[in-house]
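Examination of the molecular architecture
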Amino acid sequence: MIDVSRHILGNGLHVVHNRNTATQMAAVNLLYRVGSRNENPEHTGLAHLLEHLMFSGSLNAPNFDMPLQEAGGENNAWTTNDITNYYEVLPVTNIETAFWLEADRMCNLSLDEKSISVQRSVVTEEFKQRVVNVPYGDLTHLWRSLSYKVHPYRWPVIGLKVNDIERMPSEVVRDFYERYYSPDNAVLSVVGNIDSDSVFRLAEKWFGNIPSRVSGNCRIKQEPKQDAYRELHVRRNVPYDTIVRAYHICGRLAADYYVCDLLSDVLANGRSSRFFRNIYSKGGLVSSIDASITGELDAGVLLIKAQLLPGTDFNTVEKVIDYELGKVIDGDVKVGEIEKNANRYESNALFSNMNNDERAANLCYYEMLGDVDIINEEPAVYRSATPQRLAEVAGLVLKKDNCSTVYYESVML
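Residues numbered from 1 in each chain as written. Predicted model: local features only at pLDDT ≥ 70, side-chain atom pairs only at ≥ 80, totals over all residues. Heavy atoms only, no water.

1. Quick word on the pairing of strand β3 (residues 25-32)
Within β3, 7 of the 8 residues are buried, leaving the element largely enclosed by the surrounding structure. Relative to strand β5 (residues 84-91), β3 runs antiparallel, the two being bridged by 8 bridges. Bridge pairing links L31 to N85 in β5. Note: β3 against strand β6 (residues 186-192), 6 bridges, orientation antiparallel. By the bridge assignment for β6, Y32 is matched with A186. (Buried < 20%, exposed > 50% of the residue type's maximum accessible area, 1.4 Å probe, protein only. Helix = DSSP H or I, 4+ residues; strand = E, 2+ residues; numbered from the N terminus. Pairing = 2+ DSSP bridges.)

Okay, here's the thing in structure tokens:
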């Protein structure tokens, strides 16, 4: 059980705190409710670009890293489809340095032409390294654009096209910052050997005078129900044929989200999973096979990915996958399989909260979902799933007309 204290500033900033007396280090985490889902289709990759720009310096801290390093700290950040997350880890005696730095770049970020130009180039090169110049680099682009026709999840965080980043107008970057980097669109968490009253006082001191703004979280058009099978065939200079299936599932806050997560675990989590035992370990078909869910706020997908061994064709692999899916739909999953994966979830959750920085990030995320106490309640929700409900959800999700398949064929040039 993680004991959490919670406070909301007058400008809308949510602050959560957990005291950890086991270490003299502290983690300060700031989550913004903005990701690639908030981008315009003409300016994709913008949320990730702004993440980079947040380290370019601010009015009172022109070099973000230097004062943090002098305080004995380190920092990092990441962007997803739904959020952008920043954190610092430093001695608890110097924790106010992190508050100062985060508050200053929340309202005084330097977004001059030089900074924007430099980070455009950096992110452009990252796009080329991750998408253009590596085998299978465009696979995520392909299955997302096939699965989604309306929702912004149809492009990945890195952006839809490298030109989107190269030609990103500076005024678009500044508007995005003003629109979303606001206290009423953020969650701040602190984990360390410091009491909650001190944390809340520091939050009021450094963030309390930052004005709230209309955050711009306008309603995002949701993806309509898919009612027909989709497929895409591509040929690439890669070593192995690969197949990716994407099945639409519910969003992160829906009641059946946990059932969908368990469904993917029953199929492919660990050496005792069905895909491993009945497909991979028998040999001769695939070099790897996996199932996972994207876990996004809005309706996401359950992905099945398989990399084929030479001499194996798509049809053969699809038949064995369909056979395993059919058994799950027909109610073949046992109570023990659910219990095993619920135990694994609880174990992973415990390990993911051992370090201050990971726990702070998790606290922010659950508060962003609407209730930080979900962090303590989720293991019981996973344990409440039944074989009957798993079969029912499998029958709704794993239908052919709910599926989009990318056939990624190897053509060695």
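Having seen the model, we can carry on.
2. Notes on the packing of helix α9 (residues 257-268) against helix α15 (residues 387-397)
The geometry of α9 relative to α15 is characterised by a closest axis approach of 10 Å and an angle of 90° between their N-to-C directions. Here α15 runs roughly perpendicular to α9, going by the angle between their axes. Facing V259, C260, L262, L263 and V266 of α9, the residues of α15 in contact are R389, L390, V393, A394 and V397. Looking at the contact of α9 with α15 residue by residue, the class counts come to 9 nonpolar, no polar and 1 charged. (Axes fitted to C-alpha atoms, helices over the stretch in contact; angles between N-to-C directions. Parallel < 35°, antiparallel > 145°, perpendicular 65-115°, else oblique. Contact = heavy atoms within 4.5 Å. Nonpolar A, V, L, I, M, F, W, Y, C, P; charged D, E, K, R; others polar.)

3. Focus: the environment of S273
Within the element layout of this structure, S273 appears in the loop between α9 and α10 (274-280). Sequence-wise, S273 and D290 are 17 residues apart; in three dimensions their C-alpha atoms are separated by 9.9 Å. Once residues within four sequence positions are removed from consideration, S273 is found in contact with D265, V266, L267 and A268. Only 2.7 Å separates the side chain of S273 from the backbone oxygen of G270, close enough to count as a polar contact. (Polar contact = N/O pair within 3.5 Å; in protein donor to acceptor, adjacent residues only side chain to side chain.)

4. Here's the deal with the sheet that holds strand β8 (residues 242-248)
With mixed pairing, 5 strands are arranged side by side in an open sheet as β7-β11-β8-β10-β9. Each end of this open sheet is capped by a strand with a single partner; those strands are β7 (230-236) and β9 (286-293). On average, each strand axis in the sheet is tilted by 10° relative to the strand beside it, whichever way the strands run. Bridge count between β9 and strand β10 (residues 301-308): 7 bridges; the pairing is antiparallel. Its bridge partner being in β10, S292 is matched across the sheet by L303. Contacts between helix α11 (residues 314-329) and the sheet are confined to β8, β9, β10 and β11 (403-410), with β8 contributing the most and set at about 35° to the helix.

5. Here's the deal with the packing of aromatic side chains
If you walk through the whole model with that rule in mind, you get 17 aromatic pairs. Measuring from ring centre to ring centre gives 6.3 Å for Y86 and Y181, while their planes differ by 65°; the resulting arrangement is edge-to-face. Of this pair, Y86 sits in strand β5 while Y181 sits in the loop between α7 (170-180) and β6, placing them 95 residues apart in sequence. A connected cluster of aromatic rings, assembled from ring pairs, spans Y32, F55, F64, Y86, Y177 and Y181. Its end group placed over the ring of Y229, K400 keeps NZ or CZ at 4.9 Å from the ring centre. (Phe/Tyr/Trp six-rings, centres within 6.5 Å; stacked < 30°, edge-to-face > 60°. Lys NZ or Arg CZ within 6 Å of the ring centre and 35° of its normal.)

6. What about the layout of surface pockets?
To find leftover empty space, one rolls a probe the size of a water molecule over the atoms. Its boundaries defined by the atoms lining it, the largest pocket holds a volume of some 770 Å³. Lining the largest pocket are 34 residues; nearest its centre among them are R252, Y257, N362, Y365 and Y366. Looking at the lining of the largest pocket, the elements that each hand over two or more residues are α9, β9, α12 (335-352), α13 (356-369) and α14 (374-383). At 6 residues, the largest contribution of residues to the lining of the largest pocket is made by α12. (1 Å grid on protein atoms, 1.4 Å probe; cavity = no way out; pocket = protein on both sides within 12 Å on 5 of 7 lines; lining within 4 Å. Points joined across faces, edges and corners; volume = space filled by probe spheres on them.)

7. Here's the deal with unusual backbone geometry
One non-glycine residue, Y136, lies in the positive phi region at around 65°. Mapped onto the secondary structure, Y136 falls in the loop between α4 (113-132) and α5 (139-147).

8. Comments concerning the sheet that holds β3
Spatially, β1-β2-β6-β3-β5-β4 is the arrangement adopted by the 6 strands of the open sheet, whose pairing is mixed. Each end of this open sheet is capped by a strand with a single partner; those strands are β1 (5-8) and β4 (74-79). Neighbouring strand axes in the sheet, compared pairwise and without regard to direction, differ in orientation by 15° on average. Across the face of the sheet, helix α8 (residues 196-207) comes into contact with β1, β2 (14-19), β3 and β6 while running at roughly 150° to β2.

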